[in-house]
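The primary structure of each chain is shown beneath.
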Amino acid sequence: MQQVKLLLCIFCFLTTPFIYPCEIDVDSVITNVVADGDSLKKQDKQRLSTYFQQYLDADLSAEDEPHMLDKKKMEPIDYIPQVHATIRTKYEYTPVFNAHRFQLRNARVSLVGNVHPIVAYKAEVDLSDVTVFKVTDMFVDVMPVKGLDLILGQMKIPISTDNLRSPHVQYFANRSFIVKQMSGIASVGFVASYSAKQWFPVTAWLGVFNGGSIKQQSEWQTHLSYSARLLFETSKYFNFDINYLYCNPENLGMHLVDVNLRTDFCRAHIETEAMYKIYDNKALKPTLGFLAQAFYDLKLPKVFEHLRFLIRYDMITDDCDGFINDEGVYPINDIARHRITAGLTLRLPKPVFAELRLNYEKYFYKDATIANPSDVDKFVIEIGRAHV
């Protein structure tokens with residue numbers, strides 16, 4: 001009976017923000033769920049209170065990844081996974097064709113938890129990535145010592161800071177060219193990361209992955225992909241990272257080098273990133289991707305937490321994804337283009353994390369007649385909601 005009460009309290013607490021998006025009193029949620037004249041054990045109530053308060057105090061805009069528990073033995077409540085969900089819906093209008101479209105861009109659900117203080121897991125699926133069901137993350141993370149993570153499974157290849165941002169923390173409705181065209185690669189493999197922040201503000205990642213398509217997991221791999229990433233968190237005002245990836249999806253080796261610089265101060269954020277792709281044997285002209293973006297948060301007194309003003313410039317030269325077409329050649333999959341994006345974002349405060357994004361994208365082509373019909377001037381309205 002005690003277990004049923006515990007689960008009922010957790011369910012009511014997690015669903016309350018969707019019904020009543022206001023301040024929540026932890027003790028009142030627990031008390032109201034339990035019937036009159038009955039009560040939870042004192043230690044169970046204390047654990048629930050701590051669990052719920054950590055939920056309310058969490059940074060809802062942060063990434064949600066497995067972590068080591070600071071204890072030697074797990075208690076029953078420690079086995080309860082964190083449930084995360086992100087829904088992004090949007091409307092787009094292009095004056096180029098005087099046309100409209102609605103999209104369910106993401107419907108992600110994930111479970112993050114521990115089976116041991118040093119063994120954690122993450123299981124995330126996207127129920128509708130523009131109508132396509134996808135497994136996005138599915139891995140086990142073993143942490144034998146503090147700062148060391150040994151991760152095995154399916155995940156994003158750790159390259160590019162903009163690429164590693166989950167949908168609910170990205171700044172604009174549509175991803176940058178660096179992410180969408182060059183580095184947004186998921187695969188199955190192994191990653192070892194180590195953070196030595198207590199001595200030096202550096203975190204390092206080394207990874208090895210299947211070299212072919214993510215759907216070719218049952219096939220023997222003759223070419224593997226290798227990645228390396230160094231993150232330097234020098235201060236709360238300035239951080240940078242250096243990334244490298246070698247991949248060979250279909251007998252065309254490609255080397256990607258990426259650098260990201262960013263600074264935060266006075267509610268403002270400024271960031272720039274450049275990625276350079278070199279093809280083996282000079283099979284194709286190297287591809288350059290560049291991104292510069294900034295925003296400023298204006299605090300609001302009521303209803304919304306802040307109003308964010310955003311601006312972004314990004315570009316890409318002719319790019320090939322490394323796969324051969326039906327004619328036996330490596331084609332240019334994405335033609336060179338430039339883009340300027342301006343936007344406004346309104347965010348609701350905790351405990352519900354929700355944003356309304358208004359974006360306008362202006363594209364520049366050398367020859368717009370061969371442009372992808374999806375990549376043209378457009379207005380975007382997006383509503384994104386994440387429950388953490």
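Residues numbered from 1 in each chain as written. Predicted model: local features only at pLDDT ≥ 70, side-chain atom pairs only at ≥ 80, totals over all residues. Heavy atoms only, no water.

The helix and strand tally for the chain stands at five helices and 16 strands. Looking at the chain residue by residue over its 388 residues, the buried ones come to 43%. Counting contacts in the chain only where the partners sit at least 6 residues apart, residues at least 24 apart contribute 54% of the total. (Helix = DSSP H or I, 4+ residues; strand = E, 2+ residues; numbered from the N terminus. Buried < 20%, exposed > 50% of the residue type's maximum accessible area, 1.4 Å probe, protein only. Contact = heavy atoms within 4.5 Å.)

Turning our attention to the packing of aromatic side chains. Summed over all chains, the structure comprises nine aromatic pairs. With 6.5 Å between their ring centres and 20° between their planes, Tyr93 and Phe379 make a pair best called stacked. One end of the pair, Tyr93, is in strand E1 (residues 82-94); the other, Phe379, is in strand E16 (residues 378-387), and 286 residues separate them in sequence. Exposure remark for Phe379: the relative accessible area of 42% places this residue in the partly exposed category. Judged by centre distance (4.6 Å) and plane angle (10°), the ring pair of Phe232 and Phe240 falls under stacked. The class for Phe240 is partly exposed, based on a relative accessible area of 22%. Of note, Arg308 hangs over the ring of Phe295, and the distance from its end group to the ring centre comes to 3.8 Å. Arg312 extends its terminal NZ or CZ atom over the ring of Phe172, reaching a point 4.4 Å from the ring centre. (Phe/Tyr/Trp six-rings, centres within 6.5 Å; stacked < 30°, edge-to-face > 60°. Lys NZ or Arg CZ within 6 Å of the ring centre and 35° of its normal.)

Moving on: the environment of Leu252. Following the sequence through the fold, Leu252 ends up in the loop between strand E9 (238-247) and strand E10 (254-265). Once residues lying within four places of it in the same chain are set aside, the contact partners of Leu252 are Cys247, Tyr279, Asp280, Ala283, Gly322 and Tyr330.

The subject of this paragraph is the nonpolar core. If you look at the biggest cluster of nonpolar residues, it comprises 25 residues, and the most contacted ones within it are Met155, Ile159, Val191, Leu245, Met254, Leu256 and Met275. Only strand E5 (148-156), helix H5 (177-183), strand E7 (202-210), E9, E10 and strand E11 (268-279) provide two or more residues apiece to this core. Per-element accounting of this core gives the leading share, three residues, to H5. Those residues in contact with Leu245 that sit more than four places away from it in its chain are Ile157, Ile159, Ile185, Ser225, Tyr226, Ser227, Met254, His255 and Leu256. (Core = buried A, V, L, I, M, F, W, Y, C linked by side-chain atoms within 4.5 Å.)

With that settled, consider the pairing of strand E3 (residues 119-129). Across eight bridges, the pairing between strand E2 (residues 99-116) and E3 is antiparallel. Paired with Arg108 across the two strands is Asp126, which belongs to E3. Here E3 runs beside strand E4 (residues 132-142); their pairing, made up of nine bridges, is antiparallel. Note that in E4 the partner of Lys122 across the bridge is Phe139. (Pairing = 2+ DSSP bridges.)

Our focus in this paragraph is a nonpolar patch on the surface. Residues Leu230, Tyr237, Phe238, Ile242, Val259, Leu261, Phe265 and Ile270 make up a contiguous nonpolar surface patch of about 650 Å² in total accessible area. At the level of elements, E9 and E10 are the ones that each hand at least two residues to the nonpolar patch. It is E10 that contributes the most residues to the nonpolar patch, three residues altogether. One can find Ile242 in strand E9. (Patch = residues over 30% accessible without salt bridge, like charges linked within 9 Å, V, L, I, M, F, W, Y side chains within 5 Å. Areas by Shrake-Rupley, 256 points an atom, 1.4 Å probe, with all protein chains shown as cover. Salt bridge = Lys/Arg side-chain N within 4 Å of Asp/Glu carboxyl O.)

Attention now moves to the pattern of salt bridges. What the rule picks out here adds up to 25 salt bridges. Among the ionic pairs, Asp297 bridges to Arg308, the shortest N-O distance being 2.6 Å. With Asp297 in strand E12 (residues 287-299) and Arg308 in strand E13 (residues 306-316), this pair connects stretches of sequence that are 11 residues apart. Of the two residues examined, Asp297 and Arg308, each falls in the buried class. For the salt bridge of Asp375 with Arg337, the shortest nitrogen-to-oxygen distance reads 3.3 Å. Note that Asp375 is positioned in the loop between strand E15 (353-364) and E16 and Arg337 in strand E14 (residues 337-347), a separation of 38 residues in sequence.

In short, the description is geometric, and any link to function would need to be established separately.
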